[in-house]
Amino acid sequence: MIRDEFTVIAGRALRLHQGAESLEVRGVRPSPVGPIVDWKAPLLSPDRQRRPLPGGGHVLGAPAGPDLLAVLVRYQACRWRHGPPHAPSTWAEDLARAHPKIFPFPPASHAGWSWLWEAGAELITEHGIPRGFKTVDTKEKFGSLRWYTEAKGDDRHADNVISCIDHISNFVCEYCGAPGLLRRGSWVKCMCDAHAQGRKPFREGEA
Ligand SMILES: [Zn+2]
């Protein structure tokens, strides 16, 4: 299950990343933070995507593939840490209590994204919480998670982790955390097949 979820979400999240076809899952091993997916991707570009602009220059695209995979590995470790995934109804309050410096208030989303918030909080904490860092807003917009923060110190690492979380949320069902896709409807939503109830993928050719 863990391996299958990783493969599906990674395949979608790295769809436009150079060298993503070289991704190979080597196994899943236990660790103190939960089950860890071991992967290798020898051809995967280590750089953040850059999209050229017609008049010259570029805009920054999705975070670098290896960074995305590192965050996805922790997402799954959080999700499967205590056995089959289950988010208690108090998950948001629990997260704010466990990570008060990062979440002064409980993050706002459906339960499927609970492990994304948790993975982000853990990775930021382990690297060292930037000086004056705090979350100022959390929400869902256009089917993906939005996490707004402020900091007084160097927050480049935290910023990159959050960019990875935002990107991965486009491929994680906001209701249950299984692999999902953005779906059409009165609002764009990220949902797995079970929660989509027939809603068509937002982008052509995705299934
Ligand atoms: Zn779902």
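Attention in this report is confined to the structure presented alongside it. (Residues numbered from 1 in each chain as written. Predicted model: local features only at pLDDT ≥ 70, side-chain atom pairs only at ≥ 80, totals over all residues. Heavy atoms only, no water.)

1. Overview of helix H1 (residues 2-13)
Then comes step 1: Between its first and last C-alpha, H1 extends 16 Å over 12 residues, near the 16 Å set by a 1.5 Å rise per residue.
Then comes step 2: Turning to H1, its buried residues number three or more, namely Ile-2, Glu-5, Phe-6, Ile-9, Ala-10, Arg-12 and Ala-13. The arc enclosing the buried residues of H1, seen along the axis, measures out at 165°, which places them on a common side.
Then comes step 3: On the buried face of H1, the contacting elements are strand S1 (24-29), strand S2 (36-40), helix H2 (65-79), helix H5 (156-168) and strand S7 (181-183). (Helix = DSSP H or I, 4+ residues; strand = E, 2+ residues; numbered from the N terminus. Expected span 1.5 Å × (residues − 1). Buried < 20%, exposed > 50% of the residue type's maximum accessible area, 1.4 Å probe, protein only. Arc of directions from axis to C-beta. Contact = heavy atoms within 4.5 Å.)

2. Quick word on the coordination of the zinc ion
Then comes step 1: Taken together, the protein ligands of the zinc ion are Cys-173 (SG), Cys-176 (SG), Cys-192 (SG) and His-195 (ND1), with distances of 2.1 to 2.3 Å.
Then comes step 2: Around the zinc ion, the 4 donor atoms sit at angles spanning 100 to 115°, and that spread fits a shape best called tetrahedral.
Then comes step 3: Taken in chain order, the donor set of the zinc ion reads C-x2-C-x15-C-x2-H. With Cys-176 in the loop between H5 and S7 and His-195 in helix H6 (residues 193-196), this pair connects stretches of sequence that are 19 residues apart.
Then comes step 4: For Cys-176, a relative accessible area of 24% gives the class partly exposed. (Donors = N, O, S within 2.8 Å, 3.2 Å for Na, K, Ca; no water. Tetrahedral: all angles 85-135°; square planar, octahedral: opposite > 155°, others 65-115°.)

3. Quick word on the environment of Ser-45
Then comes step 1: One can find Ser-45 in the loop between S2 and strand S3 (50-52).
Then comes step 2: Assessed through its relative accessible area of 17%, Ser-45 is described here as buried.
Then comes step 3: Separated by 89 residues in sequence, Ser-45 and Lys-134 have C-alpha atoms that sit 31 Å apart.
Then comes step 4: With sequence-adjacent residues up to four places away left out, Ser-45 is seen in contact with Gln-18, Gly-65 and Pro-66.
Then comes step 5: Within polar-contact distance, the side chain of Ser-45 engages the backbone nitrogen of Asp-47 at 3.2 Å. (Polar contact = N/O pair within 3.5 Å; in protein donor to acceptor, adjacent residues only side chain to side chain.)

4. Points about H5
Then comes step 1: With 13 residues, H5 should reach 18 Å at 1.5 Å per residue; the first-to-last C-alpha distance of 18 Å fits that figure.
Then comes step 2: On its buried side, H5 packs onto H1, H2, helix H4 (114-127) and strand S6 (144-150).

5. Thoughts on the side chain of Glu-174
Then comes step 1: Residue position: Glu-174 is located in the loop between H5 and S7.
Then comes step 2: Look past the residues within four positions of Glu-174 in its chain and what remains in contact with it is His-110, Ala-111, Gly-112, Trp-113, Glu-140, Lys-189 and Cys-190.

6. Describing the state of the cysteines
Here, disulfide denotes a covalent bond that connects the sulfur atoms of two cysteines.
Then comes step 1: A full pass over the atoms with the stated rule returns 0 disulfides.
Then comes step 2: With no disulfide of its own, Cys-78 lies closest to Cys-164 among cysteine sulfurs, the gap being 14 Å. (Disulfide = S-S within 2.5 Å.)

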